[in-house]
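# Observations on the three-dimensional arrangement
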Amino acid sequence: RSRGLGDVYKRQDPGVKTMGVAIMKDLDLRYWGIKRIRKTGMNKKELLEKTEKILLSLINRYKPDVLIIQKLFFVQQKESPNLKALNRKIRLFAMKNKIQPIEYNPLEVRSFLCQNGRPTKMKAAKTICENYYPFLFRYYYKDLNKKWWQEKYYIKMFNAIALGIYYLKNERYPRNCSKNRSVCL
C-alpha cells in the first residue's frame, strides 16, 4: 500500500512537567524536542492552557491530520489527575481542530522497536538512533550518562519519535485525511 510522500506526523509524549515532541514528514524528522509545559506554582487550569497554546502553535505551523498520543498505561500515570486531565485535553483539542487523535500503548511501541530483549525506554532510544536518526545520538548519550535514579530529560522526546515510527511502520494511513499530512503526540 502506498503511503504518500506529503504526510507530516507530529508525535508527542505528554507529561505534566515536560512534553516530548517530534514532527515528521513520512520518516523525515522535521522537528524534535522537549516543550516545558509546567512551571512551579501553576494550577491545573494554567497547565491545560499552556498545553493548548503549545499545541496550537505546532498545529498552525505544520497543519497535521493525525495527533498520536501515548496511552496512559503505567500505574503512576493513571493515578495522576493532572496527567489524566492533560491527556483528555489533548484528545479534545485534536478533535476540535479536526485532527484525528490516535493513542498507543507505550510498551507495545517499545516492543516493536526493541525486537530482542527487554523493551526499555533507553533501548528504544538507542534503536531510534542506530536505525533511523544517528544525529540524535548526542541526546541519547546525555541521558545514558545519567545515574539510574536521575531523570532522563530527552527520553520523552525519544518516546514521541517512537510513537511516530510505530504509526508509520505499522498503521494504515488515515482513511479520511484531506490534507495528506499528519501529526503525532
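Look a little higher up for the structure.
### Observations regarding the side chain of D143
- By the secondary structure assignment, D143 is in helix 6 (residues 137-144).
- Here D143 is buried and forms no salt bridge, its nearest opposite-charge partner K146 lying at an N-O distance of 4.1 Å.
- A polar contact of 3.1 Å, which involves the side chain of D143, links it to the backbone nitrogen of Y153.
- Dropping the residues within four chain positions of it, D143 is found in contact with M122, K152, Y153, Y154 and I155.

### Quick notes on the nonpolar core
- In this structure, Y104, I128, Y133, L136, M157, F158 and I161 are the most contacted members of the largest nonpolar core, which totals 32 residues.
- A total of eleven residues in this core trace back to one element, the largest contributor, which is helix 7 (residues 155-170).
- The contacts of M157, once residues within four sequence positions are left out, are G20, V21, W32, G33, I34, L136 and Y139.
- I23, I37, I90 and F93 belong to the second-largest nonpolar core, a separate cluster that totals 21 residues.

Cut-offs used in this document
- Residues numbered from 1 in each chain as written.
- Predicted model: local features only at pLDDT ≥ 70, side-chain atom pairs only at ≥ 80, totals over all residues.
- Heavy atoms only, no water.
- Helix = DSSP H or I, 4+ residues; strand = E, 2+ residues; numbered from the N terminus.
- Buried < 20%, exposed > 50% of the residue type's maximum accessible area, 1.4 Å probe, protein only.
- Lys, Arg positive; Asp, Glu negative; His and termini not counted.
- Salt bridge = Lys/Arg side-chain N within 4 Å of Asp/Glu carboxyl O.
- Polar contact = N/O pair within 3.5 Å; in protein donor to acceptor, adjacent residues only side chain to side chain.
- Contact = heavy atoms within 4.5 Å.
- Core = buried A, V, L, I, M, F, W, Y, C linked by side-chain atoms within 4.5 Å.

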